[in-house]
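Okay, here's what each chain looks like letter by letter:
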Amino acid sequence: MKARHALLAKPLHQAATLAPWALFAPLALLALASAPAGASGNLLVNPGAEAGPASAVGDPVATVPGWTLDGNFTVVTYNPDFGGPSTSSPGPADRGLNYFAGGPSNGLSSASQTVDLSSYQSWFAHHALAFTLSGWLGGFESQNDNAVLSVRFLDAQGNELEFANTNGIGASDRNNVTGLLFMSTGFADSSNIQLSPVQAVVTLTMTRTDGSYNDGYADNLSFTIDDGVPGAVPEPGTTALWLAGLAGVGWCARRRAAERA
């Protein structure tokens, strides 16, 4: 199954890779088609890091409601004093107060949650499996620390039926600017095989490549079961926010020098 899915997902992954560059081409954005409304709505709990406590200075948070944590995964406020994304950095228009971060002193951290799909069994019996997985992902300045969002579809015995993940956002994708870009993946199974997953495990993985702080960042995550071919369209205001963020990169990141060494 996974090999077949990888082939189906490849064009979407390629489109996701190009999405950051499209932010610099408003005419290309106008040509994008609208994404389907989705049959389910967002199935994730606490998708925007707004529930529970958050840190203003990047220290780890004990719990992140709705998510099972591994490593020093944390939630941080949009605060320029921390040195990560601020309210004026490139990112979603409706970003709220907080975002997910990889956390201090670790090379790899993650958060996951299991979505119960048992109520969709009758839907899957008459429709091909179609879904969209998306989020705003990013990192810090010229460092390649990154965030990747993935989903595993499981049957009743816990066997993996399908797998998909977004690409990570590197420093060159962000033009070496701290911020978040919209990424999406998904597919509509066009084969004759009807898949009936009972669970979907969604995982947000943060990877550090530079320094001591894991500067993988993410916000506004979404996972939907769709009623058509999934798509990816940047939220309104994305281009304006990104260009404004580029214009305002002169603000000073004041995180302790030891954390960036």
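You'll find the structure just up there.
For the structure given in this document, a descriptive report is provided here. (Residues numbered from 1 in each chain as written. Predicted model: local features only at pLDDT ≥ 70, side-chain atom pairs only at ≥ 80, totals over all residues. Heavy atoms only, no water.)

## Quick word on the overall build of the protein chain
No. 1: When helices and strands are tallied, the protein chain shows 5 helices and 10 strands.
No. 2: The proportion of buried residues among the 261 residues of the protein chain is 47%.
No. 3: Sequence separation of at least 24 residues holds for 79% of the intrachain contacts in the protein chain that already meet a minimum separation of 6. (Helix = DSSP H or I, 4+ residues; strand = E, 2+ residues; numbered from the N terminus. Buried < 20%, exposed > 50% of the residue type's maximum accessible area, 1.4 Å probe, protein only. Contact = heavy atoms within 4.5 Å.)

## With respect to the packing of aromatic side chains
No. 1: A full pass over the atoms with the stated rule returns 10 aromatic pairs.
No. 2: Measuring from centroid to centroid gives 5.7 Å for Phe-73 and Phe-100, while their planes differ by 40 degrees, and the two rings are tilted. A residue pair is termed long-range when its members are at least 10 positions apart, and Phe-73 in the loop between strand E1 (68–70) and strand E2 (74–77) and Phe-100 in strand E3 (residues 98–104) qualify at 27 residues. In terms of burial, Phe-73 and Phe-100 fall into one category: buried.
No. 3: A centroid spacing of 4.8 Å and a plane angle of 50 degrees characterise the contact between Tyr-78 and Tyr-99, whose relative ring orientation is tilted. Taken as a pair, Tyr-78 in the loop between E2 and E3 and Tyr-99 in strand E3 lie far apart in primary sequence, 21 residues in all. Tyr-99 shares its class with Tyr-78; the two are buried.
No. 4: Three or more aromatic residues joined by ring pairs make a cluster, and in this case those are Trp-67, Phe-73 and Phe-100.
No. 5: Seen from the ring of Tyr-78, Arg-95 lies directly overhead, with NZ or CZ sitting 5.3 Å from the centre. (Phe/Tyr/Trp six-rings, centres within 6.5 Å; stacked < 30°, edge-to-face > 60°. Lys NZ or Arg CZ within 6 Å of the ring centre and 35° of its normal.)

## With respect to the pattern of salt bridges
No. 1: Under the criterion given, the structure shown has 1 salt bridge.
No. 2: In this structure, the salt-bridge partner of Arg-152 is Glu-160, at a minimum N-O distance of 2.9 Å.
No. 3: Here Arg-152 falls in the partly exposed class, since its relative accessible area comes to 32%.
No. 4: You can call Glu-160 partly exposed: its relative accessible area is 25%. (Salt bridge = Lys/Arg side-chain N within 4 Å of Asp/Glu carboxyl O.)

## With respect to the environment of Val-64
No. 1: In this fold, Val-64 is placed in the loop between helix H2 (26–30) and E1.
No. 2: Apart from residues lying up to four places away in sequence, Val-64 is in contact with Asn-46, Leu-69, Phe-73, Val-75 and Phe-100.

## Here's the deal with the sheet that holds strand E4 (residues 108–116)
No. 1: Pairing is antiparallel in the open sheet, where 5 strands are placed in the order E1-E4-E9-E6-E7. Both edges of this open sheet fall to E1 and strand E7 (160–165), since each of them pairs with a single strand only. Adjacent strand axes in the sheet meet at a mean angle of 20 degrees, parallel and antiparallel pairs treated alike.
No. 2: Taken together, the 9 bridges between E4 and strand E9 (residues 199–207) define a ladder with antiparallel strand orientation. Looking across to E9, one finds that Ser-109 is bridged to Met-206. (Pairing = 2+ DSSP bridges. Axes fitted to C-alpha atoms, helices over the stretch in contact; angles between N-to-C directions.)

## Some words on the environment of Gly-107
No. 1: Mapped onto the elements, Gly-107 comes out in the loop between E3 and E4.
No. 2: Other than its neighbours up to four places away in sequence, Gly-107 contacts Met-206, Thr-207, Arg-208 and Asn-214.

## Quick word on the nonpolar core
No. 1: The biggest cluster of nonpolar side chains holds 35 residues, and the ones touching the most others in it are Phe-100, Leu-204 and Phe-223.
No. 2: If you list the elements that add at least two residues to this core, you get E4, strand E5 (130–139), strand E6 (146–154), strand E8 (179–188), E9 and strand E10 (213–225). (Core = buried A, V, L, I, M, F, W, Y, C linked by side-chain atoms within 4.5 Å.)

## What to know about the environment of Ser-196
No. 1: Here Ser-196 is to be found in the loop between E8 and E9.
No. 2: For Ser-196, a relative accessible area of 31% gives the class partly exposed.
No. 3: Apart from the residues lying within four places of it in its own chain, the contact partners of Ser-196 are Gln-121, Phe-124 and Leu-161.

## So, the side chain of Ser-222
No. 1: Counting through the fold element by element, Ser-222 comes out in strand E10.
No. 2: Excluding residues that lie within four positions of it along the chain, Ser-222 makes contacts with Asn-42, Leu-44, Thr-132, Leu-133 and Ser-134.

Keep in mind these numbers describe shape, not what the thing actually does.
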